[in-house]
Amino acid sequence: NMSKEDDFLIGSQSFADPLVREKIQRLKQQHRDDLMVDEIVLKRFEAHEWVPQWSRWVTGVFKLTNYRLCFTPTNMSSYDDIELFVGSSIPLQSIHRVEKFGKRDKKEKQDKGLKSLKKKKRQPTIPVKPGEHLYGIEVYCKDFRMVRFSLSEDIIEERGKIIQYLSSYGDRDQDSHQFFCYKNSECNDPSVYTVNGWKVYDSKYEFQRQGLPDDKWRFCNNMGYQHCETYPVLFVIPATVDENSMKSVCSYRSKGRVPVLTWFHRRTRASLTRAAQPLPGMRGRQEEEDQHMLEAIAQANDSEGGKKLLILDLRPRVNAVVNQYNFKVNGGYEDMNVYNNCTLRFLDIANLHKMRESFKKLYEMCVMGLGV
């Protein structure tokens, strides 16, 4: 909302300054309601976003499209506001999970019955005034951002629909061609995108840069994810491990995540490999091919310090033991009585749930300015 009357000083800068005006116009351009080609607005309403720099809520427009979730501040007349906060734009594919905070409305409680009335609801972990900003969603992103939006009580019904849409977006059973990248016609326009994003990273070229394959390491084709659904279509394993051995090792490692090369030092031939836990289970089942594969990894290192393989299990030992005797998991760890030239060390890192909670507290303390 700038006009000729806005040529006044804010601090030591004036809107009459061409550089200041250029910056303001650029920021305003970023927050116009222009959409990308084939982008469609699904939901739009007034909401509030928590701004940690200011430790307060900011009023603006919340929009959910088939590509992103975005928030645009309503008041953009203050240069300081523009400098510090220009809203949020979150591509749907970058969202890890969405949680809601605040109590349900009376109608929703009646539908859920008396049990839902007694259930404790999670309240926002940020300062609020009585009766204000009690309902909303927290968006956790894959890049570790966490964004909070507060919704007014009269549109609280929209919260469930938004969470349902965001939760279902990117489901593994969903046809990937329904994603926005396939619907956006600009993606296939060579005049707009001159680089094929799928070819920005070439794993084969990257390993070749490191001097592979050679007489100790070879490429393994995982086309169609025949060996492991969560591994890339090409990975590196010891050259002495053939396809039949690979199948045996896949059946012995959780989710088929066999030991594969992740880093290699050309001069020292030191290597880092990763794998999921083995599956000995309560019966203590062993797999010779898995033992041979780890021995081959050790032999591929030509260092003078010996060919002893160090296995670093990130879990506490007690967690590994519990997994072994849990019939639903049938997990476990490597038995050093049968794995030659190997040393097993547990690093005592807590499970995923505790790590998430720990990270959330650290994030709130360092980024959100909320304390723990």
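Model, not experiment: these values are computed from the prediction.

Caption draft 1: Looking closely at the nonpolar core. Among the nonpolar cores identified, the biggest contains 27 residues, and Phe-62, Leu-69, Ile-137, Val-139, Phe-149 and Leu-166 are the most heavily contacted of them. Looking at this core, the elements that each hand over two or more residues are strand 3 (41-51), strand 4 (56-65), strand 5 (68-73), strand 7 (95-101), strand 8 (136-141), strand 9 (146-150) and helix 5 (157-168). If sequence neighbours within four positions are ignored, Phe-149 has contacts with His-48, Glu-49, Trp-57, Phe-62, Leu-69, Phe-71, Phe-101, Tyr-135, Gly-136, Ile-137 and Val-139. Phe-219, Val-236, Ile-297 and Cys-342 belong to the second largest nonpolar core, which has 20 residues in total.

Caption draft 2: Fine view of the sheet that holds strand 8. A sheet is described by the order of its strands in space; here seven strands give the open sequence 6-5-4-3-9-8-7, paired in antiparallel fashion. Of all the strands in the sheet, just strand 6 (88-91) and strand 7 have a single pairing partner and so form its edges. Put simply, the sheet's adjacent strands are angled 30° from each other on average, direction ignored. Strand direction decides the pairing type here: strand 7 and strand 8, joined by six bridges, are antiparallel. Bridged to Phe-101 within strand 8 is Gly-136. Along the sheet, helix 5 makes contact with strand 3, strand 4, strand 5, strand 7 and strand 8, crossing strand 7 at roughly 160°.

Caption draft 3: Local environment of the pattern of salt bridges. All told, the structure shown has 11 salt bridges when counted by the stated rule. The partner of Glu-206 in a salt bridge is Arg-209, and the shortest N-O contact between them spans 2.6 Å. You can see Glu-206 and its partner Arg-209 sitting in helix 7 (residues 203-209), three residues apart, about one turn around the helix. Here Arg-209 falls in the partly exposed class, since its relative accessible area comes to 47%. Members of the salt-bridge network, linked through shared partners, are Arg-253, Asp-290 and Glu-334.

Caption draft 4: Structural detail: the packing of aromatic side chains. As enumerated under the stated definition, the model contains eight aromatic pairs in all. Ring geometry for Trp-50 and Trp-57: centres 5.5 Å apart, planes at 70°, overall edge-to-face. The buried category is assigned to Trp-57, whose relative accessible area is 11%. Through successive ring pairs, a cluster of aromatic residues spans Phe-45, Phe-62, Phe-71 and Phe-149. Note that Arg-317 overlies the ring of Tyr-333, its terminal NZ or CZ placed 6.0 Å from the centroid.

Caption draft 5: Focus on helix 10 (residues 317-324). Restricting attention to buried positions, one finds in helix 10 the residues Ala-320, Asn-323 and Gln-324. Summarising the axial view, the buried residues of helix 10 lie within an arc of 100°, below the 170-degree limit, and thus occupy one face. Looking at the buried positions of helix 10, the neighbouring elements they touch are strand 15 (342-346).

Caption draft 6: Molecular detail of unusual backbone geometry. For the peptide bond that leads from Leu-212 to Pro-213, omega is 0°, which places it in the cis range. As for its position among the elements, Pro-213 is in the loop between helix 7 and strand 10 (217-221). With phi around 65°, Arg-269 is a residue other than glycine that occupies positive phi space. Considering the arrangement of structural elements, one finds Arg-269 in the loop between strand 12 (260-264) and strand 13 (271-274). Even without being glycine, Asn-330 reaches a positive phi, approximately 50°. Relative to the assigned elements, Asn-330 resides in the loop between helix 10 and strand 15.

Caption draft 7: Just helix 9 (residues 288-299), in detail. The terminal C-alpha atoms of helix 9 lie 16 Å apart, and with 12 residues this matches the ideal 16 Å at 1.5 Å per residue to within 8%. Every buried residue of helix 9 is listed here: Asp-290, Gln-291, Met-293, Leu-294, Ala-296, Ile-297 and Ala-298. Contacts from the buried residues of helix 9 go to strand 10, strand 11 (234-238), helix 8 (243-252), strand 13 and strand 14 (309-313).

Caption draft 8: Fine view of the side chain of His-48. Counting through the fold element by element, His-48 comes out in strand 3. Here Thr-59 takes part through its side chain, which lies 3.1 Å from a polar atom of the side chain of His-48.

Caption draft 9: Structural detail: the side chain of Ser-254. Here Ser-254 shows up in the loop between helix 8 and strand 12. On the basis of relative accessibility, which here comes to 18%, the residue Ser-254 falls in the buried class. Residues within four places of Ser-254 in sequence aside, it is in contact with Ala-276, Gln-277 and Leu-279.

Caption draft 10: How the structure looks around the confidence of the model for the protein. On average, residues of the protein score 79 in pLDDT, and 76% of them reach the 70 mark or higher. Ignoring residues within four places in sequence, the model shows residues 1-15, a span with pLDDT below 50, making 29 contacts including any to other chains. Of the regions scoring below 50 in pLDDT, residues 77-82 engages in 17 contacts with residues more than four places distant in sequence or in other chains.

Cut-off values and rules
- Residues numbered from 1 in each chain as written.
- Predicted model: local features only at pLDDT ≥ 70, side-chain atom pairs only at ≥ 80, totals over all residues.
- Heavy atoms only, no water.
- Core = buried A, V, L, I, M, F, W, Y, C linked by side-chain atoms within 4.5 Å.
- Buried < 20%, exposed > 50% of the residue type's maximum accessible area, 1.4 Å probe, protein only.
- Helix = DSSP H or I, 4+ residues; strand = E, 2+ residues; numbered from the N terminus.
- Contact = heavy atoms within 4.5 Å.
- Pairing = 2+ DSSP bridges.
- Axes fitted to C-alpha atoms, helices over the stretch in contact; angles between N-to-C directions.
- Salt bridge = Lys/Arg side-chain N within 4 Å of Asp/Glu carboxyl O.
- Phe/Tyr/Trp six-rings, centres within 6.5 Å; stacked < 30°, edge-to-face > 60°.
- Lys NZ or Arg CZ within 6 Å of the ring centre and 35° of its normal.
- Arc of directions from axis to C-beta.
- Expected span 1.5 Å × (residues − 1).
- Polar contact = N/O pair within 3.5 Å; in protein donor to acceptor, adjacent residues only side chain to side chain.
- pLDDT = per-residue confidence, 0-100.

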